Amino acid sequence: MSVSIEPIPTQNFVDIDIVENPEMLDRYIGYINVVTSDIIDAGTSLGALKTTLDMQTSLMLDLSDVIEKGVGRLVDADMDETSTRLKALQTQEQLAIQALSIANSSSSSMLSLFQS
């Protein structure tokens, strides 16, 4: 966005003197009206730019919040999956220990049968 004050006026507010130049009053008023209009146009452009920036800032904050929540949910889901896998492995380990215990106790029973 650009704001232009072209053409640059040759009149300056400091040069306005209605006491010494009363015949220039209409020209001075016209000049002031043109400058006032240019200032209002520039203010409108700046206001529109500010509104656009505010909307983009709000959008980026909302997007950041959504991304942060999404990452949190992914981490939670991954932790749940890892926890489930860990429980399954612990159950397999307990079953293996019990199977070894049964196998060891059975072998000593079998040996005692053959020894008698």
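Quick summary incoming for the structure in this document. (Residues numbered from 1 in each chain as written. Predicted model: local features only at pLDDT ≥ 70, side-chain atom pairs only at ≥ 80, totals over all residues. Heavy atoms only, no water.)

**Some points on the overall build of the protein chain**
Under the convention used in this document: Only runs of H or I of at least four residues qualify as helices and only runs of E of at least two qualify as strands under DSSP, and these elements are numbered from the N terminus. Computed with a 1.4 Å probe, the accessible areas rest on the Shrake-Rupley method; for each residue, only the protein chains presented here act as cover.
Summing up its helical and strand segments, the protein chain has one helix and zero strands in all. Here the protein chain has roughly 10100 Å² of accessible surface; of this, 63% comes from carbon and sulfur atoms.

**Section: a nonpolar patch on the surface**
Rule in force here: Within this analysis, patches are made of residues with over 30% relative accessible area and no salt bridge. Like charges are joined at 9 Å or less; nonpolar side chains (Val, Leu, Ile, Met, Phe, Trp, Tyr) at 5 Å or less. Any Lys or Arg side-chain nitrogen found within 4 Å of a carboxyl oxygen on Asp or Glu counts as a salt bridge.
On the surface, a nonpolar cluster with roughly 670 Å² of combined accessible area is contributed by Leu 59, Met 60, Leu 63, Ile 67, Val 71, Val 75 and Met 79. As for its placement among the helices and strands, Ile 67 is situated in helix H1 (residues 25-115).

**Describing the pattern of salt bridges**
Stated formally: Throughout this description, buried means an accessible area under 20% of the type-specific maximum (1.4 Å probe, protein chains only), exposed means over 50%, and partly exposed covers the range between.
In this structure the tally under the stated criterion is two salt bridges. Of the charged contacts, one joins Lys 50 and Asp 54 as a salt bridge, the two residues approaching to 2.6 Å between their closest N and O atoms. Residue Lys 50 and its partner Asp 54 are both found in helix H1; the two are separated by four residues, about one turn of the helix. On the basis of relative accessibility, which here comes to 51%, the residue Lys 50 falls in the exposed class. Residue classification places Asp 54 among the partly exposed positions, given a relative accessible area of 39%.

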